[in-house]
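In case you want the letters, here they are:
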Amino acid sequence: MRDTDAAMTDDDANEGTPPGLPAPAPLGTSALPEGTYDGVTVLVTGGGTGLGKAIAAEFARLGADLVIASRKEERLKAARDELAALGGRVTAVPCDIRDPERVAEVFDAAREACGLPGVLVNNAAANFPVPAEDMSPNAWRSVVDITLTGTFFMTREFARRHLAAGTPGSVINIGASYAWTGGPGFAHSAAAKAGVHSLVESLAVEWGPYGIQVNGLVPGLMPHGDMTADIRGNLDRAAPAPEHAADEPRQGLGSRQPALRVGAPRELGWAATFLASPYARFITGHTLVVDGANWQRRGLVSPEVVTVREQMGRGPFEG
């Protein structure tokens, strides 16, 4: 071995390895001015856990009063206490968004607590992986009713109240990239999210003349502690190594992303606060994807086909 070879360092060995996208700014920082949402009430469905709670937190840091809604009351209480520590009022309201009467009650509670919400974030959704041939009618109805029908009921109630009051407002629908690409193993959710995407484009045109923005926001892979066990299991099968967090060296799930890292939930929150802010008033009918280019095709040729059943570790369909 030559002396120069023996002297090679770890840095030399890694030379030429692409660095991926930089890590996000620290938690608690924001690009928007302090107090951007002072005096504004923000209603977030599914705000008790995961990405919904992360979105709510970024609005709270900018001065918003929060109303968080979810079906699970025990999670709402814990989230309310956590979010209240960021400042501003936080109201937690249990709600099944599939029921128009319960939806109206959420807005009544919000108005009584801190005023008519000026921003609505439709984050609540249902999802679980299942081969389409194994999907029961109830499974289909449950996911579509929560994800699509519930989103419409919430958005309709928001708009009706602002139309009656003659006030502007902003709606953000949390979508999914498989609304465009299809979602093998998630046919119910992909179909519902395609409908949610269509609502963004239709309602932005209908309600733009009245001062109501409607935009979409699509998250990439942003692991968090509230992910369901079946979705977490799928990720673990894909990358058994610890996932590459937004602030850590590349490994695990990060190596499967063009950004060479996964996203941080706060990055979705920052995008939401921008879309509903005074600095984005001319943006409506648009869907912003925050996923490090993960949904685009990335290879010269497509990979070999592995059936959904095989990916999920299921045996042959037996009827």
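Our subject is the structure that appears above.
The notes below deal with the structure included here. In this text, all values refer to a predicted model and were calculated from it rather than measured experimentally.

1. A word on the layout of surface pockets
Here is step 1: Its boundaries defined by the atoms lining it, the second largest pocket holds a volume of some 240 Å³.
Here is step 2: Leu 27, Ala 54, Ala 57, Glu 82 and Pro 265 are, among the 13 residues lining the second largest pocket, the residues nearest its centre.
Here is step 3: Looking at the lining of the second largest pocket, the elements with two or more residues in it are α3 (50-61), α4 (73-84) and α10 (265-275).
Here is step 4: Top contributing element to the lining of the second largest pocket by residue count: α3, with 6 residues.
Here is step 5: Within the lining of the second largest pocket, the residues separate by chemical class into 6 nonpolar, 2 polar and 5 charged.

2. Here's the deal with the pairing of strand β3 (residues 90-94)
Here is step 1: Pairing between strand β2 (residues 65-70) and β3: 5 bridges, direction parallel. Directly across from Ala 69, in β3, lies its bridge partner Val 93.
Here is step 2: This β-α-β element, β2 to α4 to β3, shows right-handed connectivity.

3. Quick look at empty space enclosed by the protein
Here is step 1: Applying the stated rule across the entire model yields 2 cavities of 30 Å³ or more.
Here is step 2: Considered as a void within the structure, the largest cavity measures approximately 50 Å³ in volume.
Here is step 3: Lining of the largest cavity is provided by Asn 173, Gly 175, Ala 176, Ala 179, Trp 180, Val 196, His 197, Val 200, Gly 216, Leu 217, Val 218 and Thr 287.
Here is step 4: Among the secondary structure elements, those contributing two or more residues to the lining of the largest cavity are α7 (178-181), α8 (187-207) and β6 (212-219).
Here is step 5: In terms of residue class, the lining of the largest cavity is made up of 7 nonpolar, 5 polar and no charged.

4. Observations regarding the nonpolar core
For soluble globular proteins, nonpolar side chains are generally found buried alongside one another.
Here is step 1: Formed by 29 residues in total, the largest nonpolar core has its most connected members in Tyr 37, Val 42, Phe 59, Leu 66, Val 121 and Leu 217.
Here is step 2: Those elements giving two or more residues to this core turn out to be β1 (41-45), α3, β2, α4, β4 (119-122), β5 (169-174) and α10.
Here is step 3: A total of 6 residues in this core trace back to one element, the largest contributor, which is α3.
Here is step 4: Contacts of Val 121, omitting those with residues within four sequence positions, involve Val 42, Leu 43, Val 44, Thr 45, Ile 55, Phe 59, Ile 172 and Ile 174.

5. Considering the packing of helix α6 (residues 137-165) against α8
Here is step 1: Running from amino to carboxyl end, α6 crosses α8 at an angle of 15°, the nearest separation of the two axes being 8 Å. Of the possible angle classes, the one that applies to α6 and α8 is roughly parallel. In this structure, α6 meets α8 at a crossing whose hand is right-handed. Contacts between α6 and α8 involve Ala 139, Trp 140, Val 143, Val 144, Thr 147, Leu 148, Thr 151, Phe 152, Thr 155, Arg 156, Ala 159 and Leu 163 from the first element and Ala 187, His 188, Ser 189, Ala 191, Ala 192, Lys 193, Gly 195, Val 196, Leu 199, Leu 203 and Trp 207 from the second.
Here is step 2: In terms of residue class, the contact of α6 with α8 is made up of 15 nonpolar, 6 polar and 2 charged.

6. What to know about the environment of Ile 174
Here is step 1: Here Ile 174 lies in strand β5.
Here is step 2: C-alpha of Ile 174 to C-alpha of Asn 123: the two residues are 51 residues apart in sequence and 5.2 Å apart in space.
Here is step 3: Sequence-distant contacts of Ile 174, that is, excluding residues within four places in its chain, are made with Ile 55, Val 121, Asn 122, Asn 123, Lys 193, Val 196, Leu 217 and Pro 219.

7. Comments concerning the packing of helix α5 (residues 100-114) against α6
Here is step 1: Contact geometry of α5 with α6 gives a least axis separation of 10 Å together with a crossing angle of 45°. Between α5 and α6, the angle is such that the two are oblique. Between α5 and α6 lies a crossing whose hand is right-handed. Within the contact between the two elements, α5 uses Pro 100, Val 103, Ala 104, Phe 107, Asp 108 and Arg 111 and α6 uses Phe 153, Met 154, Glu 157, Phe 158 and Arg 161.
Here is step 2: Of the residues that constitute the contact of α5 with α6, the class distribution is 7 nonpolar, no polar and 4 charged.

8. Side note on the sheet that holds β4
Here is step 1: If you walk across this open sheet you meet the 7 strands as β3-β2-β1-β4-β5-β6-β7, and the pairing is parallel. The open sheet has two free edges, formed respectively by β3 and β7 (287-290), since each of these has just one partner strand. Neighbour-to-neighbour, the strand axes of the sheet open up by a mean angle of 20°, direction not taken into account.
Here is step 2: Sheet topology places β1 next to β2; 5 bridges connect them, and they run parallel. Considered in β2, the bridge of Val 42 is made with Leu 66.
Here is step 3: Against the sheet, α4 touches β2 and β3, its axis set at about 170° to β3.
Here is step 4: Of the strands in this sheet, β5, β6 and β7 touch α10, which is tilted by about 165° from β6.

Reading the values: the criteria
- Every chain's residues receive numbers from 1 upward, in the order its sequence appears when written.
- Residues qualify for local features only when their pLDDT is at least 70, as the model is predicted, and side-chain atom pairs are given and counted only at 80 or more; totals for whole chains, interfaces and linings, by contrast, use all residues.
- Side-chain metrics rest on all non-hydrogen atoms present in the structure, leaving aside hydrogens and water.
- Buriedness for pockets is judged along seven lines, at least five of which must meet protein on both sides within 12 Å for an open set on the 1 Å grid over protein atoms alone, while cavities are sets there where a 1.4 Å probe fits but cannot get out, and lining residues have an atom within 4 Å of a point.
- Grid points are joined across faces, edges and corners, and a volume is the space filled by probe spheres set on the points.
- The helix count covers DSSP runs of H or I at least four residues long, the strand count covers runs of E at least two residues long, and both are numbered beginning at the N terminus.
- When residues are grouped by polarity, Ala, Val, Leu, Ile, Met, Phe, Trp, Tyr, Cys and Pro land in nonpolar, Asp, Glu, Lys and Arg in charged, and all others, Gly among them, in polar.
- Only strands that DSSP links by at least two bridges are regarded as paired with each other.
- With its strands directed away from the observer, a crossover is right-handed exactly when the path from the first strand over the helix to the second travels clockwise.
- Side-chain atoms within 4.5 Å are what join buried Ala, Val, Leu, Ile, Met, Phe, Trp, Tyr and Cys residues into a set we call a nonpolar core.
- When a residue's accessible area, from a 1.4 Å probe over protein chains only, is under 20% of the maximum for its type it is buried; when over 50% it is exposed; and in between it is partly exposed.
- Contacts between residues were defined by any pair of non-hydrogen atoms, one from each residue, lying within 4.5 Å.
- For helices, the fitted line uses only the C-alpha atoms of the stretch in contact; every axis is such a line through C-alpha atoms, and the angle between N-to-C directions lies from 0 to 180 degrees.
- For this classification, under 35 degrees means roughly parallel, over 145 means roughly antiparallel, 65 to 115 means roughly perpendicular, and everything else is oblique.
- Less than a right angle of anticlockwise turn of the near helix away from the far helix marks a crossing as left-handed, whereas a clockwise turn marks it as right-handed.

Spatial relationships are all this shows, so hold off on functional conclusions.
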